[in-house]
Amino acid sequence: MEKLVRLCLMGPLFLLVGLLPLVMGGHNYGDALSKSILFFEAQRSGYLPSSQRIRWRGHSGLNDGKSVGVNLVGGYYDAGDNVKFGLPMAFTVTMMSWSVIEYGKQLAASGELGHALDAIKWGTDYLIKAHPEPYVFYGEVGDGNTDHYCWQRPEDMTTSRQAYRIDPSNPGSDLAGETAAAMAAASMVFRRYNPSYANTLLSHAYQLFDFADKYRGKYDSSITVAQKYYRSVSGYADELLWGAAWLYKATNNQYYLNYLGKNGDALGGTGWGMTQFGWDVKYAGVQTLVAKFLMGGRAGQHASVFGKYQEKAEFFMCSCLGKGSRNVQKTPGGLIYLQSWNNLQFVTSASFLMTVYSDYLTSARKTLKCASGNVQPSEMLRFAQSQVDYILGDNPRATSYMVGYGNNYPRQVHHRGSSIVSIKVNPSFVTCRGGYATWFSRKASDPNLLVGAIVGGPDAYDNFADERDNYEQTEPATYNNAPLLGLLARLHAGHSGYNQLLPVNLPSPRSKPAPRYFKPKTAPKYKQIAVVQKMSASWVSGGKTYYRYSTVVTNKSWKTLRNLRISITKLYGPLWGLAKYGKSYVLPAWNRSLAPGKSIEFHYIHSASPAYVSVLSYTLT
């Protein structure tokens, strides 16, 4: 669990245009991705399902909420303890959801999308329970002080399970705002797979944001037992903007766009230039989302204000790269370093923001202009990859800080469940203090492998002590792993042939890896293909009007269409939804054929009239 965080001051930044290709490295990102998702199953509280893959865990916390008459069974333990802290849990759900929203296709291609959805839903199911009334939210179950006095498996715990809540008399805008963000982001994830559940999540998001905005106050002033562990140093202004940004992204409701525009200055979105992003400080995340709205032509009348948000987003990116006016510290081995306690949480979250922002810039055909010079999007992505590679073992100690990945990884993790023999192996009760004497002080590897856990990580000089009592370095946390879901999926996919500025269209959880594209055979029968174009959006940037065009190609025959080749001329901007094939275009690798009556849509953006689109050849089978 976490201590305090620091705020850093704002700085200047600028913007430019261009892009470069990316070359991926040699780590097995697919294996790391699978392991990183598996970690969340070890953190589950409540009744474990039959599909549970971490078999050394058992049911726990089965009476949570009973004392207050609310069912609070379920959710996640935050780190190596047995407390359920609402603020980091909600942030974890938000970041897992953001990972799926941005890189759902890549997760599907890796075969992990279904597991990612399960991990998100385990969190949102609990958050729904914790919100029994519009202006009531239970933000903590358990007490960190009594919990830390004991070293017990979650299945054995005898510590307090008191539930703590916020309400109009005891507000918590940061907690309610973050949970609204989590619910809104998750609603986007489940919109296709479970529309009814998505509507439920959105209903909770609306209520929680209204609660956060109407009854303002810091949650740790109401739930004071959280102050020692998850104190809200940044206050609640960033969470109000964060919640609004996610509600706008999930609903396109103009109210939330206006909220961002009208409150950007007052709540610090346009003023704070940060060098960290995490469970407490959300400004860099808000600024990244708002910059995406701006680059996607969705800022409307707030373009000038959103430009200020984007300046601060780019201040963050330049600072991480070491090319800004105020740069983050790095270890001799090149790792971002912000604090001694669980530093890797900031590394994974910053790397995620760098990755999505590099893809936003690539989609918009722009580059980053830092104080020390211009930066191509591909350089940002390479930097994020270097941070992931460091975590996976490319560091001076040749240590993987992901448990179970590689050959040299932490064996004495500061984690109650993994350090004590499984209750399924030895059901003998582990007492509160007896756990410390028998298991905590044991100088041996954990009896249970906490697969996929990202521990706190090395110090400022790349040093690391694999010792259970070294909690600053060996304790894992859910919010360390959450940004990695999207980041590892992106690196595993190894390409950037998709547009992050277009609406999200998630694939099936059971999607298979995309097949290779084979050279087409031509058989001209062009009259059986319909091509319809329309303008889908327009906006003004830099005094020039840009248009987004949508083109729908429909198979009007009664046979399956394959090997389609399309000619596109008078095109002066980026195009998404087709693959380049010589001087023509073909269907993308994930959709190489069209069944009878089916269509495929592609988009392009430029500041001119529609391009000329014509069919060169295709086959019908």
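Note that the coordinates shown come from a computational prediction; the quantities given were computed from them, not determined experimentally.

Caption draft 1: Inspection of the packing of aromatic side chains at higher detail. A full pass over the atoms with the stated rule returns 32 aromatic pairs. Ring geometry for Tyr 135 against Phe 211: centres 5.7 Å apart, planes inclined by 45°, an arrangement best described as tilted. Here Phe 211 lies in helix H6 (residues 195-214) and Tyr 135 lies in the loop between helix H3 (113-129) and strand S3 (137-141), a separation of 76 residues in the sequence. For Tyr 135, a relative accessible area of 24% translates into the label partly exposed. Each ring, one from Tyr 436 and one from Phe 440, has its centre 5.1 Å from the other, and the planes form 75°; the classification is edge-to-face. With Tyr 436 and Phe 440 both in helix H15 (residues 434-440) and four residues apart, this pair spans about one turn of that helix. With a relative accessible area of 19%, Phe 440 lands in the buried category. Each residue in the set Phe 91, Trp 98, Trp 242, Trp 246, Phe 277 and Phe 352 is aromatic and connected to the rest through ring pairs, giving one cluster. Note that Arg 44 overlies the ring of Trp 122, its terminal NZ or CZ placed 4.5 Å from the centroid. In this arrangement the basic side chain of Arg 433 is found over the ring face of Tyr 149, its NZ or CZ atom lying 4.2 Å from the centre.

Caption draft 2: Region of interest: the nonpolar core. The biggest cluster of nonpolar side chains holds 157 residues, and the ones touching the most others in it are Trp 98, Trp 246 and Leu 368. Among the elements that take part in this core, helix H2 (residues 86-110) stands out by supplying 13 residues, more than any other. Apart from residues no more than four positions distant in its own chain, Trp 98 is found in contact with Trp 242, Trp 246, Phe 277, Gly 285, Thr 288, Leu 289, Phe 352, Leu 353, Val 356 and Tyr 360. With 20 residues, the next largest nonpolar core counts Ile 566, Leu 594, Ala 611 and Leu 620 among its residues.

Caption draft 3: Focus on the state of the cysteines. Overall, the coordinates contain two disulfides when judged by the stated rule. The disulfide partner of Cys 150 is Cys 432, and the S-S distance across this bridge is 1.9 Å. Where Cys 150 bonds to Cys 432 through sulfur, the torsion about that S-S bond is close to -85°, and the disulfide is left-handed. Pair noted here: Cys 150 is in the loop between helix H4 (144-149) and strand S4 (163-166) and Cys 432 is in the loop between helix H14 (416-419) and H15, with a separation of 282 residues, a long-range link. Each member of the pair, Cys 150 together with Cys 432, is buried. For the chain, the disulfide bridges join cysteines in the arrangement 1-4, 2-3, where the cysteines are counted in sequence order. Cys 318 provides the cysteine sulfur closest to Cys 320, a residue in no disulfide bond, and the two sulfurs are 9.4 Å apart.

Caption draft 4: Inspection of the sheet that holds S3 at higher detail. Read across the sheet, three strands follow the order S2-S3-S4 without closing on themselves; strand pairing throughout is antiparallel. Each end of this open sheet is capped by a strand with a single partner; those strands are strand S2 (84-85) and S4. Sheet topology places S2 next to S3; two bridges connect them, and they run antiparallel. What sits directly across from Phe 85, in S3, is Glu 140.

Caption draft 5: Broad picture of helix H13 (residues 377-392). Taking 1.5 Å per residue as the helical rise, H13 with its 16 residues ought to reach 22 Å, and the 23 Å between its terminal C-alpha atoms agrees with that figure. Counting buried residues along H13, 13 of its 16 residues qualify, which places the element largely inside the surrounding structure. Directly after H13, the chain includes Gly 393, whose backbone phi takes a positive value near 135°.

Caption draft 6: Representation of the pattern of salt bridges in the model. Inspection of every chain in the model, using the stated rule, returns 18 salt bridges. Between Asp 167 and Arg 165 there is a salt bridge, with its nearest N and O atoms 3.1 Å apart. Accessibility expressed as a relative area gives 10% for Asp 167, which makes it buried. With relative accessibility at 33%, the residue Arg 165 sits in the partly exposed group. Two residues, Arg 468 and Asp 446, come together in a salt bridge whose shortest N-O distance is 2.8 Å. Remark: Asp 446 occurs in the loop between H15 and helix H16 (471-474) and Arg 468 occurs in the loop between H15 and H16; sequence separation between them is 22 residues. For the pair Arg 468 and Asp 446, a shared accessibility class is recorded, and that class is buried.

Criteria and cut-off values
Residues numbered from 1 in each chain as written. Predicted model: local features only at pLDDT ≥ 70, side-chain atom pairs only at ≥ 80, totals over all residues. Heavy atoms only, no water. Phe/Tyr/Trp six-rings, centres within 6.5 Å; stacked < 30°, edge-to-face > 60°. Helix = DSSP H or I, 4+ residues; strand = E, 2+ residues; numbered from the N terminus. Buried < 20%, exposed > 50% of the residue type's maximum accessible area, 1.4 Å probe, protein only. Lys NZ or Arg CZ within 6 Å of the ring centre and 35° of its normal. Core = buried A, V, L, I, M, F, W, Y, C linked by side-chain atoms within 4.5 Å. Contact = heavy atoms within 4.5 Å. Disulfide = S-S within 2.5 Å. Pairing = 2+ DSSP bridges. Expected span 1.5 Å × (residues − 1). Salt bridge = Lys/Arg side-chain N within 4 Å of Asp/Glu carboxyl O.

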